[in-house]
Every structure is written in structure tokens, then in C-alpha cells.
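# Coordinates in review
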Amino acid sequence: MTYTAAALLGVAAALVLDVLVLRTRLVLGRVFWLSYPIVVVFQLLSNGILTGRGVVLYNPSDILGIRLVYAPIEDLAFGFALVLSTLALWVFFRPRAEPDR
């Protein structure tokens, strides 16, 4: 499986988890999309350091070759899947406030 296929599979799984399984539907809300760029900035910073300095290398035949600040576009897709899945699980399992008695 190529890195591209794995990234697309990860995004699809995260979307299914958020929208259909847990029904948190974070990806459908404004708050998610207004806050997600903050995550992307730090993801690009860390990816830029790791890939720009050669700490992490990618097989060119396993990626599309599109890069954003040194990072393959697939890394952004994996980051999206990771953040969405984590937030959806966080929201789903958060403690509920007890009603006043």
C-alpha cells in the first residue's frame, strides 16, 4: 500500500468515525474548521523541521510528490485524520455534567 493510499484510507476512516459511528459531527461544524488552521501551522512547522533536515525521508514512488513546506501532502491528510479522530473520541467520551438535584 502506498503512503497516499494509506493517507486517504485514514481520512475516510476518520470521517466515518466522526459522522456515522460516534455521530459527533465535528467536521460539519464551524468551530472545527476555524480552529483546525492552528493545528496545521504547527504540523507544517514540525514536518518542515523533520523532512527539511532529512530526519524523515519518503520513497518518491509512494507519494504524490506534492509538498507544502517540505512535507508531503499525505502528511497533512494523516494529521487531519489523527486530529479529527482524537477530537471525535474526546467529545464522545467526555464526562457529562450531572443535572442539578
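Up top you'll find the structure we're talking about.
What comes next concerns the included structure. All figures in this text were calculated on a predicted structure; none of them were measured in a lab.

## Remarks on helix 3 (residues 73-93)
Its 21 residues place the ends of helix 3 31 Å apart at the C-alpha level, agreeing with the 30 Å of an ideal helix rising 1.5 Å per residue. Among the residues of helix 3, those classed as buried are Glu74, Asp75, Leu76, Ala77, Gly79, Phe80, Ala81, Val83, Leu84, Ser85 and Ala88. At its buried positions, helix 3 is contacted by helix 1 (3-21), helix 2 (30-52), strand 1 (67-68) and strand 2 (71-72).

## What to know about the packing of aromatic side chains
Considering all chains together, one arrives at nine aromatic pairs under this definition. Consider the rings of Phe32 and Tyr36, whose centres lie 5.5 Å apart with planes at 20 degrees: the pair is stacked. Remark: Tyr36 and Phe32 occur in helix 2; sequence separation between them is four residues, near one turn of the helix. The pair formed by Phe32 and Tyr36 is uniform in burial state, with each residue classed as buried. Ring pairing ties together the aromatic residues Phe32, Trp33, Tyr36 and Phe80, which thus form one cluster.

## Comments concerning a nonpolar patch on the surface
Together, Ile38, Val41, Phe42, Leu45, Ile49, Leu50 and Val55 make up a nonpolar patch on the protein surface, roughly 700 Å² of accessible area in all. Residue class for Val41 comes out exposed when judged on its relative accessible area of 54%.

## Regarding the packing of helix 2 against helix 3
Describing two packed helices takes the angle between their axes plus the distance from one axis to the other. Interaxial distance between helix 2 and helix 3 falls to 11 Å at its minimum, and their mutual angle equals 130 degrees. In terms of orientation, helix 2 lies oblique with respect to helix 3. Helix 2 and helix 3 meet at a crossing whose hand is right-handed. Contact residues: Phe32, Trp33, Tyr36, Val39, Val40, Gln43, Leu44 and Asn47 in helix 2; Asp75, Leu76, Gly79, Phe80, Val83, Leu84 and Leu87 in helix 3. For the contact of helix 2 with helix 3, the per-class residue count stands at 11 nonpolar, three polar and one charged.

## Notes on the packing of helix 1 against helix 3
Direction vectors running N to C along helix 1 and helix 3 enclose 20 degrees, while the axes themselves pass 8 Å from each other. Here helix 1 is positioned roughly parallel relative to helix 3, judged by the angle of their axes. In this structure, the crossing between helix 1 and helix 3 has a hand that is left-handed. From helix 1, Tyr3, Thr4, Ala6, Ala7, Gly10, Val11, Ala14, Leu15, Leu17 and Asp18 reach across to helix 3, where they touch Glu74, Asp75, Ala77, Phe78, Phe80, Ala81, Leu84, Ser85, Ala88 and Leu89. Taken together, the residues of the contact of helix 1 with helix 3 sort by class into 14 nonpolar, three polar and three charged.

So, how was this worked out
Here the residue numbering is sequential within each chain, running from 1 through the sequence in written order. Per-residue local features are limited, in this predicted model, to residues with pLDDT of at least 70; the limit for side-chain atom pairs, both in listing and counting, is 80 or more; totals at the level of whole chains, interfaces and linings are taken over all residues. The basis for the side-chain values is all heavy atoms of the structure; hydrogens and waters are excluded. Numbering goes from the N terminus for both helices and strands, where a helix is a DSSP run of H or I of at least four residues and a strand is a run of E of at least two. Here, expected helix span is obtained from the residue count minus one, scaled by 1.5 Å. The rule is simple: take the accessible area with a 1.4 Å probe, protein chains only, and divide by the maximum for that residue type; under 20% is buried, over 50% is exposed, in between is partly exposed. In what follows, residue pairs with any heavy atoms lying within 4.5 Å of each other are defined as contacts. Note on ring pairs: Phe, Tyr and Trp rings are taken, using the six-membered ring of Trp, and paired if centres are within 6.5 Å. Classes follow the plane angle, with under 30 degrees stacked, over 60 edge-to-face and the rest tilted. Residues forming no salt bridge and having over 30% relative accessible area are the ones grouped into patches, like charges within 9 Å of each other and nonpolar side chains (Val, Leu, Ile, Met, Phe, Trp, Tyr) within 5 Å. Throughout, the Shrake-Rupley method with a 1.4 Å probe supplies accessible areas, and for residues the shown protein chains are the sole cover considered. For this document, the term salt bridge refers to a Lys or Arg side-chain nitrogen within 4 Å of an Asp or Glu carboxyl oxygen. With axes taken as lines fitted to C-alpha atoms, and helix axes fitted only over the stretch in contact, angles between N-to-C directions fall between 0 and 180 degrees. When an angle is under 35 degrees it counts as roughly parallel; over 145 it counts as roughly antiparallel; between 65 and 115 it counts as roughly perpendicular; any other value is oblique. In this scheme the crossing of two helices becomes right-handed for a clockwise turn of the near helix relative to the far one and left-handed for an anticlockwise turn of less than a right angle. Each residue receives one of three labels: charged for Asp, Glu, Lys and Arg, nonpolar for Ala, Val, Leu, Ile, Met, Phe, Trp, Tyr, Cys and Pro, and polar for the others, Gly being one of them.

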